[in-house]
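Inside the fold
The primary structure of each chain is shown beneath.
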Amino acid sequence: MANLKVVPGDWKKWKGETLMAFAFQEDAPHALGLGPEGSRLSLAAKRDGFKGRERETILMRPEDHGPAARIILIGLGKKEDCNSETLRRSVPAALRQAEQLGLASFALRAPELAKSPSAQRQEVQALAEGLLLAAYRFARYRSPSKEDPPAVEEAILLLNNVSADARQSLERGRIFSEATLRARDLINEPPSRMNPERLAAEALKLNQPPVSVRVMDKKELGKMGMEAILGVGTGGAVPPRLVEMIYKPTQKAKKIVALVGKGITFDSGGLSLKPPQAMETMKDDMSGAAAVLGVMSALSALKLPLEVRGYLAIAENMPGGRAQKPGDVLKAFNGKTIEVLNTDAEGRLVLADALSYASSKKPDLLIDIATLTGAAVVALGHLVTGVMGTDAKAVRAILEAGRDCGEKFWELPLVKEYRPDIQSKIADVKNIGGRRGEAGTIIGGLFLQEFVGQTPWVHLDIAGPSWSDSDQPYCPTGGTGHPVRTLLRVLEGI
Ligand code: BES
Ligand code: ZN
Ligand code: ZN
């Protein structure tokens with residue numbers, strides 16, 4: 001997790017050595033929020049070649065009457081393209097400057113761009129998120145190096161008005177970010193450590209009012225008739241688990257929302273073994289479960305008036321003497337039978353039990369989050385989540401919340417004419433489609449639909465965005481914690 005604290009500061013009272021501020025890429029540059037002094041500074045910066053491109057920085061020493069002895073400008077790109085995600089992506093440049101300068105604390109002038117109070121709240125929250133998410137490192141297994149910059153402890157966000165509203169937005173930024181970082185930590189942990197037992201133990205850590213956590217072990221899963229999750233787990237040394245986490249608000253709940261996460265702590269493919277390269281990042285196959293756990297960890301701080309039930313469908317998918325075999329038939333919790341033709345399509349198996357269990361409790365909305373198909377990465381790349389579902393309103397809410405949070409979503413159709421592709425000759429359904437994996441992501445969605453009954457449902461295939469192969473402005477290489485922030489925002493809007 002990050003140790004950084006983001007605190008508000010009063011711009012009118014602030015005095016200090018070093019000040020950071022933003023500037024657009026405009027013909028007449030202006031350091032935002034610094035008043036007339038800002039344009040003088042910006043012109044000087046421009047003379048020194050500063051263009052104000054996104055995340056570009058320049059350090060200046062305005063010898064005479066500047067607002068500080070040392071000023072660092074951070075580019076925001078073109079004004080017309082600037083939104084809260086621009087701030088989230090640009091503000092990490094301030095943190096990196098503070099690291100380079102060895103500052104334990106630094107002050108940053110908020111740009112205060114938005115006119116409406118709600119947009120202003122979003123702006124402050126985005127700045128806090130950009131800083132807190134960018135401060136994350138997963139360094140637990142690395143010897144400290146001299147090149148590592150010392151951690152920055154505090155960022156002071158300088159505002160015109162340190163209102164209760166502004167404080168609340170910073171606090172929301174902190175809650176959203178910590179939930180995301182919790183998910184990242186779970187994903188980044190090596191797979192033999194973050195095995196089914198450990199992932200369930202991490203969920204149990206949240207077992208205190210208003211959240212209650214129950215772990216169903218192998219024996220209980222057997223009693224309940226959950227052969228699908230058990231089938232996936234048979235090859236692994238550590239048995240599978242289904243975790244149920246229930247958050248109950250203090251007031252009467254407006255609605256009940258269930259979140260189901262795919263929690264494959266390692267996906268080797270099972271007997272339908274993956275090639276080595278495809279396995280390299282398969283510790284991230286529990287990112288859906290990690291996202292659900294992250295969301296659950298934030299609910300009491302947000303005081304949400306909903307009942308939220310989180311389900312983690314946890315197993316390791318391994319080959320071995322007891323591993324399930326192509327040709328096996330499993331009976332899921334809702335009574336439907338599944339012919340397993342490819343043991344690497346295991347996510348939909350664990351979700352078959354978890355979704356039918358969750359929907360048997362009749363929530364008002366059911367959302368599953370899963371690194372389900374490589375086909376989603378082919379169709380949408382590593383930045384976009386595939387959205388499918390039977391609840392058009394909830395789909396729309398997710399697309400919209402994603403835009404606010406800087407997380408990308410795109411809807412794919414659940415084409416019912418493709419349903420025959422998963423028709424089995426000997427069971428109710430088979431776990432892969434036909435024709436060389438055509439429409440693989442939609443086929444995955446159609447399979448899951450068999451297990452949600454009439455419950456309004458949305459499926460998020462996060463196979464692309466769950467993991468980043470390169471360092472990003474506010475996420476280092478590794479687990480991203482996508483789509484924790486979007487889900488929190490969706491829940492707030494219900
Ligand atoms: N966990 C994988 C999906 C995946 C692939 C996630 C690449 C992230 C990156 C999933 O269990 C899987 O292996 N799916 C198969 C399904 C196929 C056998 C129908 C796939 O995508 O190849
Ligand atoms: Zn798989
Ligand atoms: Zn998988």
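Here the structure is a predicted model, which means the values were calculated and not measured. Position labels on residues start from 1 in each chain and follow its written sequence. Each chain gets a letter, beginning with A, and each ligand a number, beginning with 1, in the order they are written. Note on the predicted model: pLDDT of at least 70 is required for a residue's local features to be given, and 80 or more for side-chain atom pairs to be given and counted; whole-chain, interface and lining totals, by contrast, use all residues. Hydrogens and water are ignored here; the side-chain numbers use all heavy atoms of the structure.

Some points on the coordination of the zinc ion (ligand 2)
Donor atoms from the polypeptide that bind the zinc ion (ligand 2) are Asp267 (OD), Asp344 (O), Asp344 (OD) and Glu346 (OE), placed at 2.0 to 2.2 Å. In this structure, the zinc ion (ligand 2) is surrounded by six donor atoms whose angles at the metal cover 71 to 168 degrees, and the resulting shape is irregular. Mapping the donors of the zinc ion (ligand 2) onto the primary sequence gives the spacing D-x76-D-x1-E. A gap of 3.2 Å separates the zinc ion (ligand 2) and the zinc ion (ligand 3), which Asp267 links by coordinating each metal. You can see Asp267 sitting in strand E9 (residues 256-267) and its partner Glu346 sitting in the loop between strand E12 (337-339) and helix H11 (347-360), a full 79 residues away along the chain. An identical accessibility class is assigned to Asp267 and Glu346; each is buried. Atoms of type N, O and S within 2.8 Å of a metal are treated as its donors, and for Na, K and Ca the window is 3.2 Å; water is not considered, so some sites may appear to be missing partners. Only two sets of limits are used to name each site, 85 to 135 degrees for every angle of a tetrahedral four-donor site, and over 155 degrees for opposite donors with all other angles from 65 to 115 for a square planar four-donor or octahedral six-donor site, with any other site named irregular. Where helices and strands are cited, they refer to DSSP runs of H or I of at least four residues and of E of at least two residues respectively, numbered from the N terminus. Burial classes follow relative accessibility: with a 1.4 Å probe on protein chains only, a residue under 20% of its type's maximum area counts as buried, one over 50% as exposed, and anything between as partly exposed.

Some words on the coordination of the zinc ion (ligand 3)
Protein-derived coordination of the zinc ion (ligand 3) comes from Lys262 (NZ), Asp267 (OD), Asp285 (OD) and Glu346 (OE), at a distance range of 2.0 to 2.4 Å. Around the zinc ion (ligand 3) sit six donor atoms; with metal-centred angles ranging over 78 to 173 degrees, the donor geometry is octahedral. Expressed as a motif, the donor residue spacing for the zinc ion (ligand 3) is K-x4-D-x17-D-x60-E.

Some details on helix H6 (residues 196-204)
Taken as a whole, H6 has its buried residues at Pro196, Leu199, Ala200, Glu202 and Ala203. For H6, the arc enclosing every buried residue in end-on projection is 155 degrees, short of the 170-degree limit, so these residues lie on one face. Those residues of H6 hidden inside the fold are in contact with helix H5 (164-188), strand E7 (211-216), strand E8 (241-247), E9, helix H10 (287-302) and strand E10 (307-317). By definition, the arc is the one covered by directions from the helix axis to the C-beta atoms. Any two residues having at least one pair of non-hydrogen atoms within 4.5 Å are treated as being in contact.

With respect to a positive patch on the surface
Residues forming no salt bridge and having over 30% relative accessible area are the ones grouped into patches, like charges within 9 Å of each other and nonpolar side chains (Val, Leu, Ile, Met, Phe, Trp, Tyr) within 5 Å. Accessible areas in this description were obtained via Shrake-Rupley with a 1.4 Å probe; residue shielding takes into account the shown protein chains only. The rule for a salt bridge is simple: a side-chain nitrogen of Lys or Arg has to be within 4 Å of a carboxyl oxygen of Asp or Glu. Residues scored as charged are limited to Lys and Arg (positive) and Asp and Glu (negative), so that His and the chain ends carry no count. By convention, the point assigned to a charge is CZ for Arg, NZ for Lys, CD for Glu and CG for Asp. A cluster of basic residues, Lys254, Lys255, Lys393 and Arg396, forms a positive patch at the surface. Take Lys393: it is sitting in helix H13 (residues 392-405).

Concerning the domain arrangement of the protein
It is common to give the size of an interface as the accessible area lost on bringing the parts into contact. By convention here, the domain bounds are inherited from an automatic or database domain assignment. We note that the domain assignment places domain 1 (3-159) and domain 2 (177-493) within the protein. Using only C-alpha atoms to locate each centre, domain 1 and domain 2 end up separated by 37 Å. Listed as interface residues are 18 residues of domain 1 and, on the opposing side, 17 residues of domain 2. With both sides pooled, the region where domain 1 packs onto domain 2 buries about 1600 Å², and carbon together with sulfur makes up 54% of that total. When two parts are put together, the accessible area they lose, computed with a 1.4 Å probe and summed over both, is reported as buried area. When the area that domain 1 buries against domain 2 is broken down by residue, the three leading residues are Leu133, Tyr136 and Tyr141, summing to 41%. Linking domain 1 to domain 2 there are two salt bridges. Residue Glu129 is joined to Arg485 by a salt bridge in which the shortest nitrogen-to-oxygen separation is 3.0 Å.

Describing the side chain of Asp391
Turning to its location among the elements, Asp391 is positioned in the loop between strand E14 (384-389) and H13. Among buried Asp, Glu, Lys and Arg side chains, Asp391 stands out as unpaired, with Lys393 the closest opposite charge at 6.6 Å. Polar contacts, as used here, are pairs of N or O atoms within 3.5 Å; protein pairs need one atom able to donate a hydrogen and one able to accept it. Residues neighboring in sequence count only if both atoms are side-chain atoms. Here Lys393 takes part through its backbone nitrogen, which lies 3.1 Å from a polar atom of the side chain of Asp391. Contacts of Asp391, omitting those with residues within four sequence positions, involve Leu365, Pro456, Trp457 and Val458.

Some remarks on the site of ligand 1
Looking at ligand 1, there are 15 residues lining it, with Lys274, Asp285, Asp344, Glu346 and Gly374 nearest. Asp344 is positioned with one of its side-chain polar atoms (N or O) 2.8 Å from an oxygen atom of ligand 1. A distance of 2.7 Å separates an oxygen atom of ligand 1 from a polar backbone atom of Gly374. Relative to its free-state accessible area of 520 Å², ligand 1 is covered by the protein chains to the extent of 76%. Ten residues, namely Ala, Val, Leu, Ile, Met, Phe, Trp, Tyr, Cys and Pro, are considered nonpolar, four, namely Asp, Glu, Lys and Arg, are considered charged, and the remaining ones, Gly among them, are considered polar. For the shell around ligand 1, a count of residues per class yields four nonpolar, four polar and seven charged. Throughout, near means a residue has at least one heavy atom within 4 Å of the molecule or strand.

Digging into the pattern of salt bridges
Summed over the entire model, instances satisfying the criterion amount to 30 salt bridges. Between Glu99 and Arg137 there is a salt bridge; the shortest N-O distance is 3.3 Å. Of this pair, Glu99 sits in helix H3 (residues 92-101) while Arg137 sits in the loop between helix H4 (117-134) and strand E6 (154-159), and the two are 38 residues apart along the sequence. With a relative accessible area of 32%, Arg137 lands in the partly exposed category. Its salt-bridge partner being Glu346, residue Lys262 comes within 3.1 Å of it at the nearest N-O pair. Here the residue Lys262 occupies a position in strand E9, and Glu346 occupies one in the loop between E12 and H11, the gap between them amounting to 84 residues.

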